[in-house]
Amino acid sequence: MADASNKAGASVYNDVKEYYGKTLKKTSDLKSNACVPSGKPVPAYVRKVIAEIHPDVIAKYYGCGLVVPECLEGCRVLDLGCGSGRDCYMLSQLVGEKGHVTGIDMTEDQLEVARKYIDYHMQKFGYKKPNVNFVQGYIEALAEAGLEEKSYDIIISNCVVNLSPDKASVLREAYRALKDGGELYFSDVYSDARISEDLKADKVLWGECLSGALWWEDLIRLAEEVGFCKPRLVTASIITVGNKELEKLLGDYKFVSATYRLFKLPKGSKKKSCLVMYNGEITGADESFEFDAQYNFKVDKEMEVDDDVASILSSSRFSEEFTFQLQVLKPSGSGGCWDKPKAVSVNPFELVQQLGSASVTPSTGGCCGDQQSCCK
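Residues numbered from 1 in each chain as written. Predicted model: local features only at pLDDT ≥ 70, side-chain atom pairs only at ≥ 80, totals over all residues. Heavy atoms only, no water.

For the protein, the name recorded in an unreviewed UniProt entry is Arsenite methyltransferase, with Cirrhinus molitorella as its organism. UniProt's Sequence similarities (unreviewed entry) comment on the protein is quoted here verbatim: "Belongs to the methyltransferase superfamily. Arsenite methyltransferase family." (UniProt positions renumbered as here; feature names shortened; annotations may be inferred.)

Encoded structure:
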């Protein structure tokens, strides 16, 4: 696998296995606040499915956000760095018996916990046969773990990519494993600058998901180099380390927990900016669908979307959830009105400040002007 034979990379893998397999016995053993819950409220339907998961699985959970993408029924989902399987069992309920969830992790101690409770959860969910399985392997080498090309609708990851010594390979392999129109939906820790090599060598800082964090601008660059469309920032919250010794080592570096959506669009699927209308049929989004920090679609209300979002919605699993209407040419003061996206920063650190204020407003006015037939 890429970098697995490399001495530095192999050392990182061994250190992470030791940290998450032996050193940490439960969530409270963490030495910092990096692995914190999402600042976003947990929907009621998600709280309900989490409540069904065995306490032993919950106790070994070390995620930094909430990775529950919408529109999951019947989907094939892959969880990168699944650990004890909490997110896999949560998604197992949401994809239903006709869907399937695969978890991959390199740490056998974690997978032992995950596999131990397969039968328990299938009985709890009322399934006749398991719709979840767990594979030992590296997230930088999914093919070597037997995960086929273009075989997943959605890939998730929760506070794991930062632990990899080869982030580019993680993104490349995720892109390869996704079907056309598929999505990488993941939460992770990001820094406000590139982390120095001496801090990267600190085993505790790396294990605590801090010194392995990507500079957020490098994520944008790497994702687009691999072939994903421009990453969509969903939410972000500031991480306070909460450990004086580690804070001293880290100096002026700042960290944020952020959730992004990365889509693999089919070739030639580029669409033009247009108006769309959400139909209100996604589970847990009866009145509105919060796609990302910029777009919150209200049921039966027209909204203008840019070229990227028009392409994503029309080429992904969301295509049947929207009516694609008219292309917007120019605004005018006459006619009915449609919703406009919020003007928010692509910088997750700035987004946190915007979310904490009342200054996030539509980018322009939204009253109708000249239109023409559009987008799909």
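> Residue-level account of the pattern of salt bridges, with values.
If you walk through the whole model with that rule in mind, you get 15 salt bridges. R86 serves as the salt-bridge partner of D87, at 2.9 Å between the closest nitrogen and oxygen. Like R86, D87 is buried. K340 is paired through a salt bridge with E304; the nearest N and O atoms lie 2.4 Å apart. (Salt bridge = Lys/Arg side-chain N within 4 Å of Asp/Glu carboxyl O. Buried < 20%, exposed > 50% of the residue type's maximum accessible area, 1.4 Å probe, protein only.)

> Lay out the pairing of strand β2 (residues 100–105) in plain terms, naming residues and giving numbers.
The element β2 is largely enclosed, with a buried count of 5 among its 6 residues. The pairing of strand β1 (residues 76–80) with β2 spans 5 bridges and is parallel. Bridge assignment links L78 to a residue of β2, and that residue is T102. Crossover β1 to β2 through helix α4 (residues 86–95) is right-handed. Across 5 bridges, β2 lies against strand β3 (residues 132–136) in parallel orientation. Across the sheet, G103 pairs through a bridge with F134, a residue of β3. (Helix = DSSP H or I, 4+ residues; strand = E, 2+ residues; numbered from the N terminus. Pairing = 2+ DSSP bridges. Right-handed = clockwise from strand over helix to strand, strands pointing away.)

> Go over the environment of L222, please, and point to the residues and values.
Relative to the helices and strands, L222 is located in helix α10 (residues 216–226). Its relative accessible area of 12% is what places L222 among the buried residues. In this view, L222 contacts K167, A168, L171 and L214; residues no more than four positions away in its chain are not counted. (Contact = heavy atoms within 4.5 Å.)

> Which residues make up the confidence of the model for the protein, and what are the values?
Caution is warranted with low-pLDDT regions, since their predicted coordinates should not be read in detail. Across the protein, the average pLDDT comes to 86, with 80% of residues at 70 or higher. Scored below 50 in pLDDT, residues 1–5 shows 14 contacts in the model against residues more than four places distant or in partner chains. Note that residues 358–376 has pLDDT below 50 and, in this model, 61 contacts with residues that lie over four places away or in other chains. (pLDDT = per-residue confidence, 0-100.)

> Pulling in residues and values, what's your account of the sheet that holds strand β12 (residues 302–305)?
Strand order in this open sheet of 3 strands is β12-β9-β13, and the pairing throughout is antiparallel. Each having just a single partner strand, β12 and β13 (322–324) make up the two edges of the open sheet. Between one strand and the next, the sheet's axes are offset by a mean angle of 35°, whatever the strand orientation. Sheet topology places strand β9 (residues 274–278) next to β13; 3 bridges connect them, and they run antiparallel. The residue of β13 that forms the bridge with V276 is F324. (Axes fitted to C-alpha atoms, helices over the stretch in contact; angles between N-to-C directions.)

> Describe the nonpolar core, with residues and values.
In this structure, I155, L184, Y190 and Y260 are the most contacted members of the largest nonpolar core, which totals 38 residues. Non-local contacts of I155, meaning those with residues more than four positions away in its chain, are made with L78, L80, A174, A177, L178, E183, L184 and Y185. Counting residues in each nonpolar core, the second largest holds 33 residues, with V57, V77, M122 and V132 among its members. (Core = buried A, V, L, I, M, F, W, Y, C linked by side-chain atoms within 4.5 Å.)

> Go over the packing of aromatic side chains, please, and point to the residues and values.
A full pass over the atoms with the stated rule returns 17 aromatic pairs. Geometrically, the ring pair formed by F289 and F297 is tilted, given 6.2 Å between the ring centres and 35° between the ring planes. Neither residue differs from the other here; F289 and F297 are each classed as buried. Joined through ring pairs, the aromatic side chains of F263, Y278, F289, F291, Y295, F297, F318 and F322 make up one cluster. Taking NZ or CZ as reference, R86 lies 3.8 Å from the ring centre of Y61, over its face. Across the ring face of Y175, the terminal group of K264 is positioned such that the distance to the ring centre comes to 4.8 Å. (Phe/Tyr/Trp six-rings, centres within 6.5 Å; stacked < 30°, edge-to-face > 60°. Lys NZ or Arg CZ within 6 Å of the ring centre and 35° of its normal.)

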